[in-house]
Amino acid sequence: MAAWVLHVDMDQFIAAVEVLRRPELAGLPVIVGGRGDPTERAVVSTASYEARAFGIGSGMPLKIAARKAPPDAVFLAVDHAAYEQASDDVMTTLRALPGVVLEVIGWDECFLGIATDDPEAVAREAQAAVLAATELHCSVGIGDNKIRAKIATEFGKPRGSFRLTEANWFEVMGEKSTRDLWGIGPKVQKRLAAHGITTVRELADSDVEDLIGEFGPKMGVWYHGLGSGIGPDVVDDTPWIARSHSRETTYQQNLTTPAEVDAAVRVLASQAFDDCAAEGRPVIRVHLKVRYAPFETKTFGRKLPDATTDRETVMSAASALAATLDAEREVRLLGVRAEMAMPEAGDTVERTPVRGRI
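Residues numbered from 1 in each chain as written. Predicted model: local features only at pLDDT ≥ 70, side-chain atom pairs only at ≥ 80, totals over all residues. Heavy atoms only, no water.

Going by the annotation in an unreviewed UniProt entry, the name recorded for the protein chain is DNA polymerase IV, with Microbacterium murale given as the source organism. Its UniProt record, at the heading Sequence similarities (unreviewed entry), says of the protein chain: "Belongs to the DNA polymerase type-Y family." The heading Catalytic activity (unreviewed entry) in the UniProt record of the protein chain holds the text "DNA(n) + a 2'-deoxyribonucleoside 5'-triphosphate = DNA(n+1) + diphosphate". (UniProt positions renumbered as here; feature names shortened; annotations may be inferred.)

As C-alpha coordinates, this is what we get:
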(Lines give C-alpha, C1' and ligand atoms only; values in the text may rest on other atoms or scores of the structure.)
Protein backbone atom coordinates (compact mmCIF):
# COMPACT_ATOMS: atom_id res chain seq x y z
CA MET A 1 0.00 0.00 0.00
CA ALA A 2 1.16 3.52 -0.77
CA ALA A 3 1.41 6.36 1.72
CA TRP A 4 -0.98 9.24 1.02
CA VAL A 5 -1.69 12.65 2.48
CA LEU A 6 -5.28 13.88 2.55
CA HIS A 7 -6.13 17.50 3.27
CA VAL A 8 -9.61 17.89 4.74
CA ASP A 9 -11.07 21.39 4.50
CA MET A 10 -14.53 22.21 5.82
CA ASP A 11 -16.75 23.96 3.29
CA GLN A 12 -17.64 27.57 4.31
CA PHE A 13 -17.13 26.33 7.87
CA ILE A 14 -18.25 29.26 10.00
CA ALA A 15 -21.19 30.11 7.77
CA ALA A 16 -22.20 26.43 7.68
CA VAL A 17 -22.17 26.24 11.49
CA GLU A 18 -24.39 29.31 11.65
CA VAL A 19 -26.86 27.84 9.12
CA LEU A 20 -27.06 24.66 11.18
CA ARG A 21 -28.04 26.77 14.18
CA ARG A 22 -30.50 28.80 12.10
CA PRO A 23 -31.88 26.57 9.31
CA GLU A 24 -33.98 29.45 7.98
CA LEU A 25 -30.73 30.99 6.69
CA ALA A 26 -30.11 28.16 4.23
CA GLY A 27 -29.70 29.55 0.72
CA LEU A 28 -29.31 33.15 1.88
CA PRO A 29 -26.14 35.26 1.64
CA VAL A 30 -24.69 34.90 5.17
CA ILE A 31 -21.82 37.14 6.28
CA VAL A 32 -20.13 36.56 9.63
CA GLY A 33 -17.85 39.17 11.15
CA GLY A 34 -17.28 41.33 14.22
CA ARG A 35 -20.43 41.87 16.21
CA GLY A 36 -22.59 41.40 13.15
CA ASP A 37 -23.14 45.13 12.69
CA PRO A 38 -22.05 46.26 9.20
CA THR A 39 -21.93 49.89 10.34
CA GLU A 40 -19.07 49.08 12.73
CA ARG A 41 -15.40 48.63 12.00
CA ALA A 42 -14.74 44.93 11.61
CA VAL A 43 -13.90 42.48 8.85
CA VAL A 44 -15.64 39.50 7.34
CA SER A 45 -14.62 36.23 9.02
CA THR A 46 -16.41 34.13 6.45
CA ALA A 47 -19.10 34.41 3.82
CA SER A 48 -21.44 31.74 2.52
CA TYR A 49 -21.17 30.70 -1.11
CA GLU A 50 -24.31 32.75 -1.79
CA ALA A 51 -22.57 35.84 -0.41
CA ARG A 52 -19.33 35.10 -2.26
CA ALA A 53 -21.26 35.32 -5.52
CA PHE A 54 -21.51 39.07 -4.83
CA GLY A 55 -17.76 39.45 -4.39
CA ILE A 56 -17.79 39.27 -0.59
CA GLY A 57 -14.90 37.41 1.03
CA SER A 58 -12.89 36.88 4.20
CA GLY A 59 -10.89 39.88 5.37
CA MET A 60 -13.12 42.42 3.63
CA PRO A 61 -14.29 45.33 5.81
CA LEU A 62 -17.92 44.83 6.83
CA LYS A 63 -18.86 48.25 5.50
CA ILE A 64 -17.66 47.29 2.02
CA ALA A 65 -19.41 43.93 2.31
CA ALA A 66 -22.63 45.74 3.18
CA ARG A 67 -22.39 47.81 0.00
CA LYS A 68 -21.90 44.69 -2.11
CA ALA A 69 -24.51 42.58 -0.33
CA PRO A 70 -28.05 42.06 -1.71
CA PRO A 71 -31.10 43.14 0.34
CA ASP A 72 -31.67 39.64 1.75
CA ALA A 73 -28.12 39.27 3.12
CA VAL A 74 -27.79 38.36 6.78
CA PHE A 75 -24.96 39.69 8.96
CA LEU A 76 -24.05 37.67 12.07
CA ALA A 77 -21.68 38.15 14.98
CA VAL A 78 -18.66 35.88 15.40
CA ASP A 79 -19.25 33.11 17.98
CA HIS A 80 -15.84 31.59 18.73
CA ALA A 81 -17.16 29.06 21.25
CA ALA A 82 -19.61 27.56 18.75
CA TYR A 83 -16.94 27.21 16.07
CA GLU A 84 -14.44 25.67 18.50
CA GLN A 85 -17.01 23.07 19.54
CA ALA A 86 -17.87 22.24 15.93
CA SER A 87 -14.15 21.98 15.10
CA ASP A 88 -13.58 19.61 18.03
CA ASP A 89 -16.46 17.43 16.83
CA VAL A 90 -15.01 17.27 13.31
CA MET A 91 -11.49 16.40 14.46
CA THR A 92 -12.75 13.77 16.93
CA THR A 93 -14.71 12.13 14.12
CA LEU A 94 -11.74 12.08 11.76
CA ARG A 95 -9.37 10.70 14.41
CA ALA A 96 -11.69 7.72 14.76
CA LEU A 97 -11.16 6.67 11.13
CA PRO A 98 -9.16 3.43 11.02
CA GLY A 99 -5.48 3.75 10.19
CA VAL A 100 -5.22 7.54 10.01
CA VAL A 101 -2.82 9.97 11.63
CA LEU A 102 -4.41 13.42 12.04
CA GLU A 103 -2.57 16.74 12.13
CA VAL A 104 -4.69 19.79 12.89
CA ILE A 105 -3.66 22.95 11.04
CA GLY A 106 -6.68 25.15 11.77
CA TRP A 107 -10.23 25.32 13.04
CA ASP A 108 -11.55 23.99 9.77
CA GLU A 109 -8.73 21.98 8.21
CA CYS A 110 -6.36 19.15 8.89
CA PHE A 111 -4.07 16.62 7.24
CA LEU A 112 -4.71 12.89 7.34
CA GLY A 113 -1.88 10.46 6.77
CA ILE A 114 -2.78 6.93 5.69
CA ALA A 115 -1.40 3.93 3.83
CA THR A 116 -3.96 2.77 1.28
CA ASP A 117 -4.41 1.63 -2.30
CA ASP A 118 -7.59 3.71 -2.66
CA PRO A 119 -7.21 7.25 -1.25
CA GLU A 120 -10.45 8.36 -2.93
CA ALA A 121 -12.34 5.77 -0.89
CA VAL A 122 -10.77 7.13 2.29
CA ALA A 123 -11.77 10.64 1.22
CA ARG A 124 -15.38 9.54 0.75
CA GLU A 125 -15.30 7.75 4.10
CA ALA A 126 -14.02 10.90 5.82
CA GLN A 127 -16.68 13.07 4.19
CA ALA A 128 -19.47 10.66 5.11
CA ALA A 129 -18.27 10.35 8.71
CA VAL A 130 -18.07 14.11 9.21
CA LEU A 131 -21.48 14.66 7.62
CA ALA A 132 -23.09 11.97 9.78
CA ALA A 133 -21.55 13.28 12.99
CA THR A 134 -21.89 17.03 12.44
CA GLU A 135 -24.15 17.67 9.42
CA LEU A 136 -21.25 19.62 7.92
CA HIS A 137 -19.70 19.10 4.49
CA CYS A 138 -16.02 19.05 3.62
CA SER A 139 -13.73 18.84 0.61
CA VAL A 140 -10.66 16.62 0.41
CA GLY A 141 -7.39 17.10 -1.41
CA ILE A 142 -5.37 13.95 -2.10
CA GLY A 143 -1.65 14.17 -2.63
CA ASP A 144 1.70 12.45 -2.32
CA ASN A 145 2.79 15.25 0.01
CA LYS A 146 1.23 18.04 2.05
CA ILE A 147 1.81 20.78 -0.50
CA ARG A 148 0.01 18.93 -3.28
CA ALA A 149 -2.78 17.73 -1.00
CA LYS A 150 -3.42 21.26 0.29
CA ILE A 151 -3.53 22.74 -3.21
CA ALA A 152 -5.65 19.84 -4.53
CA THR A 153 -8.46 20.71 -2.14
CA GLU A 154 -9.32 23.86 -4.09
CA PHE A 155 -10.06 21.71 -7.14
CA GLY A 156 -12.40 19.52 -5.10
CA LYS A 157 -14.56 22.28 -3.64
CA PRO A 158 -17.29 22.08 -2.70
CA ARG A 159 -18.06 18.64 -1.25
CA GLY A 160 -15.73 16.78 -3.60
CA SER A 161 -12.16 15.51 -3.83
CA PHE A 162 -9.23 15.86 -6.21
CA ARG A 163 -5.90 14.04 -6.58
CA LEU A 164 -2.74 16.05 -7.28
CA THR A 165 0.61 14.23 -7.43
CA GLU A 166 3.99 14.44 -9.09
CA ALA A 167 2.44 12.68 -12.09
CA ASN A 168 -0.09 15.41 -12.92
CA TRP A 169 1.46 18.42 -11.17
CA PHE A 170 2.53 20.38 -14.24
CA GLU A 171 -0.52 19.35 -16.24
CA VAL A 172 -2.75 20.86 -13.54
CA MET A 173 -0.56 23.65 -12.14
CA GLY A 174 2.07 24.49 -14.74
CA GLU A 175 0.34 27.48 -16.32
CA LYS A 176 -1.26 28.78 -13.14
CA SER A 177 -0.04 31.89 -11.35
CA THR A 178 2.56 31.55 -8.62
CA ARG A 179 -0.09 33.14 -6.37
CA ASP A 180 -1.97 29.82 -6.52
CA LEU A 181 0.80 28.11 -4.57
CA TRP A 182 0.39 27.56 -0.84
CA GLY A 183 2.52 30.10 0.99
CA ILE A 184 3.00 32.62 -1.84
CA GLY A 185 1.19 35.89 -1.19
CA PRO A 186 0.97 39.07 -3.25
CA LYS A 187 4.30 40.48 -2.03
CA VAL A 188 6.28 37.36 -2.93
CA GLN A 189 4.36 37.10 -6.21
CA LYS A 190 5.46 40.63 -7.09
CA ARG A 191 9.09 39.91 -6.22
CA LEU A 192 9.04 36.76 -8.36
CA ALA A 193 7.49 38.70 -11.24
CA ALA A 194 10.43 41.12 -11.09
CA HIS A 195 12.59 38.13 -12.08
CA GLY A 196 10.26 37.25 -14.95
CA ILE A 197 8.60 34.44 -12.97
CA THR A 198 4.81 34.56 -13.17
CA THR A 199 3.71 30.93 -13.57
CA VAL A 200 4.30 27.76 -11.59
CA ARG A 201 6.25 26.23 -14.48
CA GLU A 202 8.49 29.30 -14.70
CA LEU A 203 9.18 29.04 -10.98
CA ALA A 204 10.14 25.37 -11.31
CA ASP A 205 12.42 26.16 -14.25
CA SER A 206 14.05 29.18 -12.59
CA ASP A 207 17.64 29.35 -11.33
CA VAL A 208 17.63 28.51 -7.64
CA GLU A 209 20.65 30.77 -7.13
CA ASP A 210 18.62 33.75 -8.36
CA LEU A 211 15.92 32.93 -5.81
CA ILE A 212 18.50 32.55 -3.04
CA GLY A 213 19.81 35.98 -3.95
CA GLU A 214 16.30 37.43 -3.69
CA PHE A 215 14.90 35.55 -0.70
CA GLY A 216 17.88 34.10 1.16
CA PRO A 217 19.24 30.53 1.44
CA LYS A 218 16.21 29.08 3.23
CA MET A 219 13.26 30.72 1.51
CA GLY A 220 14.92 30.79 -1.92
CA VAL A 221 15.27 27.01 -1.93
CA TRP A 222 11.78 26.61 -0.48
CA TYR A 223 10.08 28.74 -3.15
CA HIS A 224 12.02 27.00 -5.91
CA GLY A 225 10.75 23.64 -4.64
CA LEU A 226 7.17 24.91 -4.53
CA GLY A 227 7.31 25.35 -8.28
CA SER A 228 7.56 21.57 -8.61
CA GLY A 229 5.16 20.86 -5.77
CA ILE A 230 7.98 19.59 -3.58
CA GLY A 231 7.14 19.40 0.10
CA PRO A 232 6.96 17.25 3.23
CA ASP A 233 5.06 13.99 3.09
CA VAL A 234 4.87 12.96 6.74
CA VAL A 235 1.73 13.72 8.75
CA ASP A 236 2.57 14.17 12.43
CA ASP A 237 0.12 14.45 15.31
CA THR A 238 2.67 16.04 17.65
CA PRO A 239 0.95 19.06 19.23
CA TRP A 240 1.89 22.43 17.80
CA ILE A 241 4.07 24.54 20.09
CA ALA A 242 3.01 28.18 19.91
CA ARG A 243 5.78 30.64 19.03
CA SER A 244 3.93 33.72 20.22
CA HIS A 245 0.68 35.19 21.48
CA SER A 246 -0.95 38.32 20.13
CA ARG A 247 -3.84 40.64 20.86
CA GLU A 248 -5.28 43.28 18.57
CA THR A 249 -8.22 45.64 18.49
CA THR A 250 -9.96 47.66 15.80
CA TYR A 251 -11.24 50.87 17.36
CA GLN A 252 -14.68 52.17 16.47
CA GLN A 253 -13.29 55.70 16.77
CA ASN A 254 -9.78 56.52 15.63
CA LEU A 255 -7.14 57.09 18.29
CA THR A 256 -5.91 60.63 17.72
CA THR A 257 -3.24 61.34 20.33
CA PRO A 258 0.02 59.63 21.36
CA ALA A 259 -1.37 59.25 24.87
CA GLU A 260 -4.40 57.32 23.60
CA VAL A 261 -2.17 55.10 21.48
CA ASP A 262 0.25 54.41 24.33
CA ALA A 263 -2.52 53.51 26.75
CA ALA A 264 -4.12 51.17 24.22
CA VAL A 265 -0.78 49.51 23.41
CA ARG A 266 -0.07 48.89 27.08
CA VAL A 267 -3.44 47.17 27.52
CA LEU A 268 -2.79 44.90 24.54
CA ALA A 269 0.76 44.16 25.70
CA SER A 270 -0.51 43.20 29.15
CA GLN A 271 -3.08 40.83 27.62
CA ALA A 272 -0.47 39.21 25.35
CA PHE A 273 1.85 38.85 28.33
CA ASP A 274 -0.88 37.05 30.28
CA ASP A 275 -1.24 34.53 27.45
CA CYS A 276 2.51 33.86 27.51
CA ALA A 277 2.61 33.66 31.30
CA ALA A 278 -0.14 31.04 31.22
CA GLU A 279 2.31 28.80 29.33
CA GLY A 280 5.12 29.58 31.79
CA ARG A 281 7.40 30.78 29.00
CA PRO A 282 9.46 33.99 28.92
CA VAL A 283 9.05 36.67 26.26
CA ILE A 284 12.04 37.37 24.02
CA ARG A 285 10.67 39.81 21.43
CA VAL A 286 7.77 42.26 21.13
CA HIS A 287 6.05 43.26 17.88
CA LEU A 288 3.66 46.15 17.25
CA LYS A 289 1.11 46.30 14.45
CA VAL A 290 -0.55 49.59 13.55
CA ARG A 291 -3.20 50.43 11.00
CA TYR A 292 -3.33 54.12 10.25
CA ALA A 293 -6.49 55.69 8.86
CA PRO A 294 -7.75 55.09 6.33
CA PHE A 295 -6.15 51.62 5.87
CA GLU A 296 -2.34 51.56 5.86
CA THR A 297 -0.82 48.78 7.97
CA LYS A 298 2.74 48.59 9.31
CA THR A 299 4.54 46.29 11.74
CA PHE A 300 7.58 46.84 13.95
CA GLY A 301 9.58 44.52 16.20
CA ARG A 302 12.11 44.79 19.00
CA LYS A 303 14.23 42.06 20.58
CA LEU A 304 14.40 42.30 24.36
CA PRO A 305 17.87 42.48 25.99
CA ASP A 306 17.05 39.30 27.91
CA ALA A 307 14.19 36.82 28.04
CA THR A 308 11.70 38.08 30.61
CA THR A 309 8.74 37.02 32.70
CA ASP A 310 8.16 40.58 33.90
CA ARG A 311 4.94 42.21 32.75
CA GLU A 312 6.22 45.79 32.93
CA THR A 313 9.25 44.96 30.79
CA VAL A 314 6.98 43.70 28.01
CA MET A 315 4.60 46.64 28.34
CA SER A 316 7.48 49.12 28.30
CA ALA A 317 8.94 47.54 25.17
CA ALA A 318 5.56 47.88 23.45
CA SER A 319 5.31 51.50 24.61
CA ALA A 320 8.75 52.21 23.19
CA LEU A 321 7.60 50.88 19.81
CA ALA A 322 4.43 52.99 20.03
CA ALA A 323 6.56 56.07 20.61
CA THR A 324 8.06 55.62 17.14
CA LEU A 325 4.69 55.90 15.39
CA ASP A 326 3.68 58.92 13.35
CA ALA A 327 2.03 61.20 15.93
CA GLU A 328 0.28 63.19 13.19
CA ARG A 329 -1.72 60.23 11.90
CA GLU A 330 -4.90 58.75 13.34
CA VAL A 331 -4.88 55.08 14.29
CA ARG A 332 -7.74 52.66 13.67
CA LEU A 333 -6.13 49.34 14.73
CA LEU A 334 -3.36 48.26 17.08
CA GLY A 335 -1.93 44.82 17.79
CA VAL A 336 0.83 43.53 20.07
CA ARG A 337 2.54 40.18 19.59
CA ALA A 338 4.78 38.70 22.27
CA GLU A 339 7.25 36.14 20.95
CA MET A 340 8.27 33.46 23.44
CA ALA A 341 11.39 31.40 24.09
CA MET A 342 10.99 27.77 23.06
CA PRO A 343 10.64 25.15 25.81
CA GLU A 344 13.85 23.43 26.92
CA ALA A 345 12.94 20.33 24.93
CA GLY A 346 12.45 22.48 21.86
CA ASP A 347 10.18 21.50 18.99
CA THR A 348 10.93 17.97 17.82
CA VAL A 349 8.93 18.33 14.59
CA GLU A 350 10.50 19.75 11.44
CA ARG A 351 8.62 22.85 10.20
CA THR A 352 8.17 24.63 6.91
CA PRO A 353 9.57 28.13 6.47
CA VAL A 354 6.08 29.34 5.49
CA ARG A 355 3.25 27.68 7.37
CA GLY A 356 4.46 25.84 10.46
CA ARG A 357 5.06 22.14 10.68
CA ILE A 358 6.00 19.92 7.75
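Still more to cover.
Draft legend 1. Region of interest: the overall build of the protein chain. Counting its regular elements, the protein chain contains 13 helices and 12 strands. The C-alpha radius of gyration computed for the protein chain amounts to 22 Å, which stays within 12% of the reference 21 Å derived for 358 residues, consistent with globular compactness. Principal-axis analysis of the C-alpha atoms places the extent of the protein chain at approximately 65 × 55 × 45 Å. The buried share of the protein chain, reckoned over its 358 residues, is 46%. Taking as baseline every contact in the protein chain between residues at least 6 positions apart, the subset at least 24 positions apart corresponds to 63%. When the accessible surface of the protein chain is split by element, carbon and sulfur atoms take 51% of a total near 17,400 Å². Across the protein chain, the mean location of the 40 positive side-chain charges is 5 Å away from that of the 52 negative side-chain charges. (Helix = DSSP H or I, 4+ residues; strand = E, 2+ residues; numbered from the N terminus. Rg over C-alpha atoms; globule rule 2.2 N^0.38 Å. Buried < 20%, exposed > 50% of the residue type's maximum accessible area, 1.4 Å probe, protein only. Contact = heavy atoms within 4.5 Å. Areas by Shrake-Rupley, 256 points an atom, 1.4 Å probe, with all protein chains shown as cover. Lys, Arg positive; Asp, Glu negative; His and termini not counted. Charge placed at Lys NZ, Arg CZ, Asp CG, Glu CD.)

Draft legend 2. Representation of the environment of H195 in the model. Positionally, H195 belongs in the loop between α8 (186-193) and α9 (200-205). In terms of polar contacts, H195 uses its side chain to reach the side chain of E214, at 2.9 Å. (Polar contact = N/O pair within 3.5 Å; in protein donor to acceptor, adjacent residues only side chain to side chain.)

Draft legend 3. Representation of the pattern of salt bridges within the structure. Scanning the model with the defined rule gives 19 salt bridges in all. Between R22 and E18 there is a salt bridge; the shortest N-O distance is 2.5 Å. Judged by its relative accessible area of 30%, R22 falls in the partly exposed class. One salt bridge connects E312 with R266, and the closest N-O pair in it is separated by 3.0 Å. (Salt bridge = Lys/Arg side-chain N within 4 Å of Asp/Glu carboxyl O.)

Draft legend 4. Region of interest: the confidence of the model for the protein chain. Looking at the protein chain as a whole, its pLDDT mean stands at 94, while 96% of the residues score no less than 70. Predicted confidence for residues 354-358 stays below pLDDT 50, and this span has 25 contacts to residues more than four positions away or in other chains. (pLDDT = per-residue confidence, 0-100.)

Draft legend 5. Inspection of the packing of helix α12 (residues 258-278) against helix α13 (residues 311-322) at higher detail. One way to put it is that α12 packs onto α13 with a least axis distance of 8 Å and a crossing angle of 140 degrees. Accordingly, the angle class assigned to the pair α12 and α13 is oblique. The handedness of the crossing between α12 and α13 comes out as right-handed. Residues V261, D262, V265, R266, A269, S270, F273 and D274 of α12 lie in contact with α13, whose contacting residues are R311, E312, V314, M315, S316, A318, S319 and A322. For the contact of α12 with α13, the class distribution of residues is 8 nonpolar, 3 polar and 5 charged. (Axes fitted to C-alpha atoms, helices over the stretch in contact; angles between N-to-C directions. Parallel < 35°, antiparallel > 145°, perpendicular 65-115°, else oblique. Left-handed = near helix turned anticlockwise from the far one by under 90°. Nonpolar A, V, L, I, M, F, W, Y, C, P; charged D, E, K, R; others polar.)

Draft legend 6. Just the nonpolar core, in detail. Counting 33 residues, the largest nonpolar core has L6, F13, L94, L112 and L136 as its most contacted members. Counting residues per element, the ones that place at least two in this core are β1 (2-10), α1 (13-21), β2 (30-32), β4 (74-76), α4 (80-95), β6 (109-116), α5 (119-134) and β7 (138-143). Take this core: its biggest share by element is 6 residues, from α4. Contacts of L112, omitting those with residues within four sequence positions, involve W4, V5, L6, V8, L94, L97, V101, L102, A126 and V235. (Core = buried A, V, L, I, M, F, W, Y, C linked by side-chain atoms within 4.5 Å.)

Draft legend 7. Region of the structure containing the packing of aromatic side chains. In the structure shown here, the tally under the stated rule is 4 aromatic pairs. Across the ring face of F170, the terminal group of R201 is positioned such that the distance to the ring centre comes to 4.0 Å. The positively charged end of R291 is found above the aromatic ring belonging to F295, 4.4 Å away from the centroid. (Phe/Tyr/Trp six-rings, centres within 6.5 Å; stacked < 30°, edge-to-face > 60°. Lys NZ or Arg CZ within 6 Å of the ring centre and 35° of its normal.)

Draft legend 8. Quick look at the side chain of T116. Tracing the chain through its elements places T116 in strand β6. Overall, the relative accessible area of 11% leaves T116 in the buried class. Every residue in contact with T116, bar those within four places of it in the chain, is listed here: M1, A2, W4 and V122.

Draft legend 9. Just the sheet that holds strand β3 (residues 46-47), in detail. Across the sheet, 3 strands lie side by side as β3-β2-β4; this open sheet has mixed pairing. Where the open sheet ends on each side, the last strands, each with one partner, are β3 and β4. Taken together, the 3 bridges between β2 and β4 define a ladder with parallel strand orientation. Pairing of V32 across the sheet is with L76, part of β4. (Pairing = 2+ DSSP bridges.)

Draft legend 10. Representation of the sheet that holds strand β8 (residues 161-164) within the structure. Taken in spatial order, the 5 strands make up an open sheet running β5-β6-β1-β7-β8, and their pairing is mixed. In this open sheet, the two strands that pair with only one neighbour each are β5 (101-106) and β8. This sheet shows a mean twist of 20 degrees between the axes of neighbouring strands, independent of strand direction. As paired strands, β7 and β8 are joined by 4 bridges and run parallel to one another. In the strand pairing of β8, V140 is matched with S161. α4 rests against β1, β5 and β6 of the sheet, and its axis sits at about 160 degrees to β5. In the packing of helix α6 (residues 146-156) onto the sheet, contacts are made with β1, β5, β6, β7 and β8, and the angle to β7 comes to roughly 140 degrees.

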